[in-house]
Amino acid sequence: MKPEYNVIGKSLPRTGSVDRLRGAPVFAADIQLENPLILKALRSAHDHAEVVAIDVSKALAIEGVVRIFTAADIPGKNLLGIINKDQPLLATDKVRSRSDAVALVAAETESAAHEALAAISVTYNPLPSVTDPFEALKTDAPKIHPKGNLLFSRKIRQGDAEAAFAGCASVIEKTYRTSMIEHNYLEPDAGAGFVDTDGTLVIYASTQNPHYDHKEVVTLLGLGDNQVRIIQAATGGGFGSKLDLNVQGFIGLALFHLKRPVRHVYTREEAYLATAKRHPLTLTVKTGADADGRLKAIKAHIVCDTGAYGSYGIAVASRSAVHVTGPYEIEHVDIESYCVYTNKPFCGAMRGFGAPQVAFAHESQIDLHARDLGMDPLDIRLKNCLRVGSKTGTGQVLTASVGIGECLEAVKPYYREALESGVSAPTHPFRRRGIGLGAMWYGIGNTGVQNPSTAGIEMDPEGHITLFTGCADIGQGSTTVLAQIAAETLGVQPAEIRMVVGDTKYTTNAGATSASRQTYISGNAVKDACQKLGDVLMTEAINRLHSPKDSLVFQDGHVVIKAGPENRPEDRIDFPCLAKRIHAKGVPLFWQGYFDPETIPLDPETGAGSPYATYAFACHLALLEVDTLTGQVTLEKLVAAHDVGQAIHPENVIGQICGGAAMGIGFALMEEFEPQKTVSMKDYHIPTCADVPTVIPIIVESAEPSGPYGAKGVGEPALIPTAPAIINAIARALGERIYHLPANLERVLAASISSGHFGPQEVTHG
Amino acid sequence: MDPKTVHIEFTLNGSPRSLEIPGAASALWVIRNLIGLKGAKEGCGIGECGACTIEVDGKAVNSCLMLAAQLDGADVLTVEGLASEDGLHPLQSSFLEHHGVQCGFCTPGLLMSTHALLKENPHPDHAQVSKAIAGNLCRCTGYRQIFASIEDAVKHNSGEAAQ
Amino acid sequence: MMNTGYVRPRTLEDALAFLAENSGKTRIVAGGTDVMVDLRAGTLKTDYLLDVSRLQALRGIEIIGNDLSVGAAATLSEIYNSAILEAHAPALQKSAVNFASKQIRNVATIGGNVAHCSPCGDTLPALAIHEARAVLSSPAGERQVPIEAIASGPYMCALPQNEIITRFILKPATVAFADFQKIGRRKELAVARMSMAYMADKDAEGRICFFRFALGACTPTPQRNHRIEAMLTGQIPDAARIWEAGRVLAEDTIAVTGRRASAVYKESAIQGLFMRMVYPLV
């Protein structure tokens, strides 16, 4: 039976929404500052070049230009990166892509700053460049970093894949390609800052990880921890790109030298040029299934193009290797994944860390097997899907909360209904309908590495509760969810808890808002802190209520003797009363919580390990229509079933599912970032409301024992199955499959032509 | 008169305004930087995202693509003009209740597009709503909860949503 | 931004006088939706912006005698909502339906769409099938030019700098079949990868007795295609015939643009979109 909760599972109004609805100045570009200087970065003019000289004299002479910084002005360590440090804030000896910043202008006005950018003279010595990762791996390729162009590789080997293929009835080998993708959060990166009266550099930033920003800025400037304070401003979406340092370092550098308020706001064009992208992947996948459709073996070769810098590239390569099996039991695995430097804009985290790219492959493969073996695509997934007790490709045995089967079953009625309505029957002279499935699994948190979260909870002697969390809410609603978890644990209403969020002066590290980890990991840290405080309150209440601890519960800001038939005042005591007494005894009312998911790092040779403590699962169904004459695709319906463990806030979950699905539609059909061609929002199309069909979200709750109230995560899973479902539906509509994302007009029309659907013969038979 | 600087007079959120502005300044720049209202956002600067949408003489426009000089004589409404001292406008309440806000950067523009629509058509159907907000991009919500917010506001709209 | 002036004359005469005096350093602006983009990008530098959006002489959509007159400052929303256009130039009305976004339709003008000379201007194919002429005013008086003559190439306006487009004169047509269609990369807010407009009528025997067609966004300037108009006129429309006309259209277009990488899609899609658009005739 499902436990009954007080506030878990309730969709409260999201914290911060009222300010945003009113248009209050909460974003970094809006924050009021006294006469701030405007910062602008000069970007590289080459893909790859030595920086011979930078002459700023003409630019400095422009009225209103206050200072121009180059790498020489950086007092600390000019090297950034969350996993591997390879990216200078300002170029030193050379530039490795056109995203690289060469100089930073501080000026009184925007126009002076612009003029200065044009007046800085940089002498480059162009170097040969390489933009294709396969070329970059060749021995004679231009060397982008001193250690070479191969940043990282991950191997996962179990059983004997090659031998297993020999016994398979169906063996399929295909190569899949995905494109570079821009996050296209609506708020271009922005930050602002000032120097506080005590000399602290205070930086407001649009960020997914204020505590990481803090560490980087401190190191960059060679300062002490308490000399820099990062405050997360309202953050207008991130989707992974605001995990890297964008403007924070520039603002810190200017504050350090100038001691004047500054603001740095990227234009959309600069946000496109200078921030991380989704890694384009090229992967060759070979899978084998027996005559019953049971998957037996997989061999995969994955190349992730990380562009000029690592950012989260290592995580993407590692996660894509783990996830390329799909949510299926496969005994024999032989997977290798490579992360390669090229002279392109750097790629980093983007919603899914490689999982959306590999899902395109594993979901295409399983449909190909179904066709090969004459099986139904849903049946073959049900036959192979992970269950409690299953062993994953890394040898991890799943012990609980494996909801992929439930997700597939949840989608089944819609799937059967569509099939029975004759979805693929040719009913129109030049339109064909198709239905497709996409399934996925997603490990919550970072891959086989520690990624703890902390939180603090405080009760003042009057009984008021404050929750301190470093967890950046970037619109997904984590602040609301963490307040609910705290409220549930302490028996109060979320509105009674004061939230202090994302301010390095007051909060401790909650890690990144990424990897769908905050509900699970920070949720647990919050719960841990609240339980510690709760324990103190309970212990004090024992003395007052003369009743053993296991008879007591929290209720409406009181400790209450549970299950008493009559509601007697002497059976309850309120928090202020307890807090005063605890405080008087000198017992702390501030408690820290901590949680780090239990993982086992992957073995470097075999990949064996338990990279994640829990996994989320999902299945999407896409119903669509292809215009065989033009390649236009019209989505009719998406059904999206997600195992989230427990929905703390169902409407937040639905918001993630529908937002993820929309992003998945873009990934499937229209989005492609082409360096130097994609300049402004005219050149990059994300879905409008007219591109998103009715989405039917289905929340599956296969409770995770280690999760806070059973919760896992949903942020990234929401996006991952959408594109595969769409691609499989197009394949079903046309009888011809697309192996290169996006399935844009050109590729769909080409598939229509090669499948024989383009032309008058179809019309005459219509 | 030096036309490089232009004198304009208009009504902003019900109050008269009189300003000297640079001739080629956009309405968005003037509203954000000279007037200091930060509700309208610059998401792209070229009319592709709708985050800067304001209402000019009852019509939704991208303020980044409008010359501020063209506000002269107009009745201008920004998101700051929606809520009253008594609280949120019904449309805003509906967005709050139906979780139409995630990151909130697109929210003011969406509110203004919808507000203008409801003035023109107090009871639009789904297709008409879609047509009116297709120029307001949202990367967070997938639009479902935005439609739910608007459709609920329409259901309860006896005319006040357009006031 | 600081070096550009703004003037808004009260009358067309004042506007023409200002233009005559400041020819070569003035850019005419109406809705501003293209001008503002160019100003921001730094690709447009001009001393003055001359705002014609409120000039009475440039407004209104009306039937005058045998002509349909569309004011150059008519906004796309006005075109979208115009009952006159729906009746007499339905393809033009339809071209406004998916034009950019509502925010842009509310201010963007048909005059601006034509004068900007973008090959993918949505109103152009529809204007072309109505044999639209632009009425140009200058201090010397009025003259008319076919709209195809306004652009000398992509984004290159062939008009002298002292003239203002005041309105467009279209041949109105009440036809049984008319449409405008475009292909974009998404359902709304999409630049036309390709666009086309047609209108047609059939006689009592079901033969096509009237056919006008123009293609947009594929060639440097939008064009009518007289060859397929002639091919289809007098014919009983069937799928094979339309398909063949679409092939000829594609062939003619590729002959103009050359066989570049992007032509691979265009060649097929022109034929496909033509089929889809004209299919109601079958």
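**Looking at the overall build of chain C**
Right, on to step 1. Counting its secondary structure elements, chain C contains 11 helices and 14 strands.
Right, on to step 2. For a compact globule of 282 residues, the expected C-alpha radius of gyration is about 19 Å, and chain C comes in at 19 Å, within 12% of that figure.
Right, on to step 3. If you line up chain C on its principal axes, its C-alpha atoms span 60 × 45 × 30 Å.
Right, on to step 4. Buried positions account for 60% of the 282 residues belonging to chain C.
Right, on to step 5. Long-range pairs, those at least 24 residues apart, make up 62% of the contacts in chain C between residues at least 6 apart in sequence.
Right, on to step 6. Total accessible area computed for chain C in this model is approximately 10900 Å², and 50% of it derives from carbon and sulfur atoms.
Right, on to step 7. Looking at chain C, you have 31 positive and 27 negative side-chain charges, and the mean spots of the two groups are 6 Å apart.

**Some thoughts on the interface of chain C and chain B**
Right, on to step 1. Listed per partner, the contact involves 36 residues of chain C and 38 residues of chain B.
Right, on to step 2. When chain C packs against chain B, close to 2900 Å² is buried across both sides, 57% of that on carbon and sulfur atoms.
Right, on to step 3. Joining chain C to chain B, the criterion identifies 5 salt bridges.
Right, on to step 4. Note that B:Glu42 is salt-bridged to C:Arg40, the shortest N-O span being 3.3 Å.
Right, on to step 5. Inspection of the chain C/chain B interface yields 18 residue pairs in polar contact (both at pLDDT 80 or more).
Right, on to step 6. Within the side of chain C that touches chain B, the residues separate by chemical class into 16 nonpolar, 11 polar and 9 charged.

**As for the interface of chain A and chain B**
Right, on to step 1. With 54 residues of chain A at the interface, the matching set in chain B holds 42 residues.
Right, on to step 2. Roughly 3700 Å² is buried in total at the junction of chain A and chain B, and carbon and sulfur atoms are behind 61% of that figure.
Right, on to step 3. Taken together, the links from chain A to chain B amount to 4 salt bridges.
Right, on to step 4. Across the pair B:Lys41 and A:Asp30 runs a salt bridge whose closest N-O atoms are separated by 2.8 Å.
Right, on to step 5. Across the chain A-chain B interface, the total number found is 16 residue pairs in polar contact (both at pLDDT 80 or more).
Right, on to step 6. Put simply, the parts of the chain that give the side of chain A that touches chain B at least two residues each are α1 (17-22), α8 (268-274), α16 (650-669) and β28 (694-700) of chain A.
Right, on to step 7. In terms of residue count, the dominant contributor to the side of chain A that touches chain B is α16(A) (8 residues).

**Topic: the environment of C:Ser195**
Residues and elements named next belong to chain C.
Right, on to step 1. The residue serine 195 is located in strand β12 (residues 194-202) in this model.
Right, on to step 2. Linking serine 195 and arginine 212, residues 17 residues apart in sequence, is a C-alpha distance of 14 Å.
Right, on to step 3. Setting aside its immediate chain neighbours within four residues, serine 195 contacts Pro125, Phe180, Gln181, Lys182, Ala214, Leu215, Gly216 and Ala217.

**Points about the domain arrangement of chain C**
Right, on to step 1. Parsing chain C into structural domains produces domain 1 (5-51), domain 2 (56-170) and domain 3 (177-281).
Right, on to step 2. Taking the mean C-alpha position of each, domain 1 of chain C and domain 3 of chain C sit 36 Å from one another.

**Considerations on the pairing of strand β3 (residues 53-56) of chain B**
All names here are of chain B.
Right, on to step 1. Side chains of β3 alternate between two faces, with Thr53 and Glu55 and Ile54 and Val56 buried alike.
Right, on to step 2. Inspection of the sheet shows β3 paired to strand β4 (residues 59-62) by 4 bridges, in the antiparallel sense. Residue valine 56 lies in a different strand from β4, and its bridge partner there is lysine 59.
Right, on to step 3. Between β3 and β4, which follow one another and run antiparallel, lie 2 residues, and aspartate 57 among them has a positive phi close to 50°.
Right, on to step 4. Summarising the sheet, β3 and strand β5 (residues 75-77) pair through 2 bridges and their orientation is antiparallel. Counterpart to glutamate 55 in the pairing with β5 is leucine 77.

**A look at the packing of aromatic side chains**
The relative placement of two aromatic rings is captured by the distance of their centres and the angle of their planes.
Right, on to step 1. Following the criterion strictly, the structure yields 20 aromatic pairs over all chains and no others.
Right, on to step 2. Arranged with centres 5.4 Å apart and planes meeting at 55°, the rings of A:Tyr312 and A:Phe353 form a pair that is tilted. Within this pair, whereas A:Tyr312 is found in the loop between β15 (295-307) and α9 (313-323), its partner A:Phe353 is found in the loop between β17 (347-348) and α10 (355-373), the two being separated by 41 residues in sequence.
Right, on to step 3. Through a chain of ring-to-ring contacts, three or more aromatic side chains come together here, namely C:Tyr198, C:Phe211, C:Phe213 and C:Phe274.
Right, on to step 4. The cationic tip of A:Lys527 hangs over the ring face of A:Tyr709; the distance from NZ or CZ to the ring centre is 4.4 Å.

**Some details on helix α7 (residues 248-258) of chain A**
Each full turn of the α-helix corresponds to 3.6 residues, which orients residues three or four apart in the same direction.
Residues and elements named next belong to chain A.
Right, on to step 1. With respect to burial, α7 is a largely interior element, 9 of its 11 residues being buried.
Right, on to step 2. Among the residues of α7, those classed as buried are Gln248, Gly249, Phe250, Ile251, Gly252, Leu253, Ala254, Leu255 and Leu258.
Right, on to step 3. At the exit of α7 stands lysine 259, carrying a positive phi of roughly 55°.

**What to know about helix α12 (residues 404-420) of chain A**
Residue and element names in this part refer to chain A.
Right, on to step 1. Taking 1.5 Å of rise per residue, 17 residues should cover 24 Å, and α12 covers 24 Å from first to last C-alpha, within 8% of that figure.
Right, on to step 2. At lysine 412, α12 shows its largest bend, some 40°, and a proline, proline 413, comes one to four positions later.
Right, on to step 3. Those residues of α12 that are buried lie in contact with α11 (377-384), β18 (431-443), β26 (615-627), β27 (633-643), β28 and α17 (722-734).

**A word on the sheet that holds strand β14 (residues 223-224) of chain C**
Residue and element names in this part refer to chain C.
Right, on to step 1. Reading across the sheet, the 4 strands line up as β11-β12-β13-β14 and stay open at both edges, with antiparallel pairing between neighbours. The open sheet has two edge strands with one neighbour each: β11 (177-183) and β14.
Right, on to step 2. Summarising the sheet, β12 and strand β13 (residues 208-216) pair through 8 bridges and their orientation is antiparallel. Along β13, the bridge assignment pairs alanine 200 with phenylalanine 211.

Scoring rules and cut-offs
Residues numbered from 1 in each chain as written. Chains lettered and ligands numbered in written order. Predicted model: local features only at pLDDT ≥ 70, side-chain atom pairs only at ≥ 80, totals over all residues. Heavy atoms only, no water. Helix = DSSP H or I, 4+ residues; strand = E, 2+ residues; numbered from the N terminus. Rg over C-alpha atoms; globule rule 2.2 N^0.38 Å. Buried < 20%, exposed > 50% of the residue type's maximum accessible area, 1.4 Å probe, protein only. Contact = heavy atoms within 4.5 Å. Areas by Shrake-Rupley, 256 points an atom, 1.4 Å probe, with all protein chains shown as cover. Lys, Arg positive; Asp, Glu negative; His and termini not counted. Charge placed at Lys NZ, Arg CZ, Asp CG, Glu CD. Buried area = accessible area lost by both parts, 1.4 Å probe. Salt bridge = Lys/Arg side-chain N within 4 Å of Asp/Glu carboxyl O. Polar contact = N/O pair within 3.5 Å; in protein donor to acceptor, adjacent residues only side chain to side chain. Nonpolar A, V, L, I, M, F, W, Y, C, P; charged D, E, K, R; others polar. Domains from an automatic or database assignment. Pairing = 2+ DSSP bridges. Phe/Tyr/Trp six-rings, centres within 6.5 Å; stacked < 30°, edge-to-face > 60°. Lys NZ or Arg CZ within 6 Å of the ring centre and 35° of its normal. Expected span 1.5 Å × (residues − 1). Bend = angle between axes of the 7 residues up to and from the residue.

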